[in-house]
Amino acid sequence: MLKAIVADYRAVFKNDPAARSMPEVLLCYAGFHALVVYRVSHLLWRTRYCKLLARILSHLGRFITGVEIHPGALIGSGVFIDHGMGVVIGETAEVGDGVILFHGVTLGGTGKHTGKRHPCVEAESIIGAHAIILGPITIGVGARIGAGAVVLKNVPPHATVVGIPPTQRVILNNTPL
Ligand SMILES: CC(C)(COP(=O)(O)OP(=O)(O)OC[C@H]1O[C@@H](n2cnc3c(N)ncnc32)[C@H](O)[C@@H]1OP(=O)(O)O)[C@@H](O)C(=O)NCCC(=O)NCCS
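Residues numbered from 1 in each chain as written. Predicted model: local features only at pLDDT ≥ 70, side-chain atom pairs only at ≥ 80, totals over all residues. Heavy atoms only, no water.

### Points about the pattern of salt bridges
Here is step 1 of the chain: A complete count under the given rule lists five salt bridges for this structure.
Here is step 2 of the chain: A salt bridge links Arg 39 to Asp 8; the nearest nitrogen and oxygen atoms lie 2.7 Å apart. Placement of the pair is Arg 39 in helix α3 (residues 30-46) and Asp 8 in helix α1 (residues 2-15), with a sequence separation of 31 residues. Here Arg 39 matches Asp 8 in class, with each residue buried.
Here is step 3 of the chain: Here Glu 94 and Lys 116 are joined by a salt bridge, their closest N and O atoms 3.0 Å apart. With a gap of 22 residues between them, Glu 94 in strand β5 (residues 94-95) and Lys 116 in the loop between β7 (106-108) and β8 (120-121) connect regions that are remote in the sequence.
Here is step 4 of the chain: You can call Glu 94 partly exposed: its relative accessible area is 30%.
Here is step 5 of the chain: You can call Lys 116 partly exposed: its relative accessible area is 36%. (Salt bridge = Lys/Arg side-chain N within 4 Å of Asp/Glu carboxyl O. Helix = DSSP H or I, 4+ residues; strand = E, 2+ residues; numbered from the N terminus. Buried < 20%, exposed > 50% of the residue type's maximum accessible area, 1.4 Å probe, protein only.)

Put into structure tokens, the structure is as follows:
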């Protein structure tokens, strides 16, 4: 858990040129705070009798940061949540190492599925502000989802998706930012 928190801390400096110092990141980055709360609540979630405590901690974290991460979600290390406010990550969502999420991102369910019902976002993907990704779909490694996109189908690795269905465009083989 500590390793993941250190990697998340480093991810702030890697991805945000505005991050100047350790105190600034520790005190002023709601996305980082949300991940710390998630990592503790996930530990509790995995302990058989602490699920309610995990939910309560997660709920408190949501009050403080504006980010709602279900303690059952699986989140890799070195993840960066920029700005934070309004991010929702569902119980069966998976987020790979080095993923960047901007404010307002939803990794949610469609309401049609039970069991595994939230997306899997593979490593090094970037999910733009207010993108809505729904259902048990996979966003491939290194994919980029444009701000405001609505995604309901699998996205191939290293593709860029912008817009909302049915006028959505998938641009294959994006170049590095
Ligand atoms: C999706 C994104 C990664 C694309 O970057 P890119 O690969 O460099 O793509 P380009 O800027 O060359 O745009 C390619 C095409 O997609 C369109 N496009 C880009 N982003 C779009 C978006 N969010 N919604 C709709 N269309 C978009 C462009 O207009 C362009 O269209 P054209 O081919 O008709 O000219 C980027 O535009 C984006 O949305 N990043 C999210 C960043 C974010 O959320 N920042 C919040 C900071 S607070």
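Here the narrative resumes.
### A look at the site of the ligand
Here is step 1 of the chain: Around the ligand, the neighbouring residues are His 83, Phe 102, His 103, Gly 128, Ala 129, Arg 144, Gly 146, Ala 147, Thr 160, Val 162 and Arg 169.
Here is step 2 of the chain: The separation between an oxygen atom of the ligand and a polar side-chain atom of Arg 144 is 2.8 Å.
Here is step 3 of the chain: Relative to its free-state accessible area of 920 Å², the ligand is covered by the protein chains to the extent of 46%.
Here is step 4 of the chain: Residues that form the shell around the ligand fall into these classes: four nonpolar, five polar and two charged. (Near = heavy atom within 4 Å. Polar contact = N/O pair within 3.5 Å; in protein donor to acceptor, adjacent residues only side chain to side chain. Areas by Shrake-Rupley, 256 points an atom, 1.4 Å probe, with all protein chains shown as cover. Nonpolar A, V, L, I, M, F, W, Y, C, P; charged D, E, K, R; others polar.)

### Some remarks on the packing of aromatic side chains
Here is step 1 of the chain: Under the criterion given, the structure shown has two aromatic pairs.
Here is step 2 of the chain: Arranged with centres 5.3 Å apart and planes meeting at 75°, the rings of Tyr 9 and Phe 13 form a pair that is edge-to-face. Of the two residues, Tyr 9 and Phe 13 are both situated in helix α1; the distance of four residues between them amounts to about one turn of the helix.
Here is step 3 of the chain: A relative accessible area of 17% means that Tyr 9 is categorised as buried.
Here is step 4 of the chain: Taken together through their ring pairs, the aromatic side chains of Tyr 9, Phe 13 and Phe 32 make up a single cluster.
Here is step 5 of the chain: A cation over a ring is seen here: Lys 51 above Trp 45, with NZ or CZ 4.6 Å from the ring centre. (Phe/Tyr/Trp six-rings, centres within 6.5 Å; stacked < 30°, edge-to-face > 60°. Lys NZ or Arg CZ within 6 Å of the ring centre and 35° of its normal.)

### Regarding the sheet that holds β5
Here is step 1 of the chain: Sheet architecture is open: four strands sit in the order β2-β5-β8-β11, paired in parallel fashion. Because the sheet does not close on itself, it has two edges, and the strands there are β2 (74-75) and β11 (138-139).
Here is step 2 of the chain: The pairing of β8 with β11 spans two bridges and is parallel. Residue pairing for β11: Val 121 is matched across the bridge by Ile 139. (Pairing = 2+ DSSP bridges.)

### Considering α1
Here is step 1 of the chain: Helix length check: α1 (14 residues) gives 20 Å between terminal C-alpha atoms against 20 Å at 1.5 Å per residue, within 8%.
Here is step 2 of the chain: Within α1 the residues assigned to the buried category are Ala 4, Ile 5, Asp 8, Tyr 9, Ala 11 and Val 12. Within α1, the buried residues cover an arc of 155° as seen down the axis, which keeps them to one side. Turned more than 90 degrees from where α1 packs its buried face, Leu 2, Lys 3, Arg 10 and Lys 14 sit exposed.
Here is step 3 of the chain: Where the residues of α1 are buried, they touch α2 (22-28), α3 and β3 (80-82). (Expected span 1.5 Å × (residues − 1). Arc of directions from axis to C-beta. Contact = heavy atoms within 4.5 Å.)

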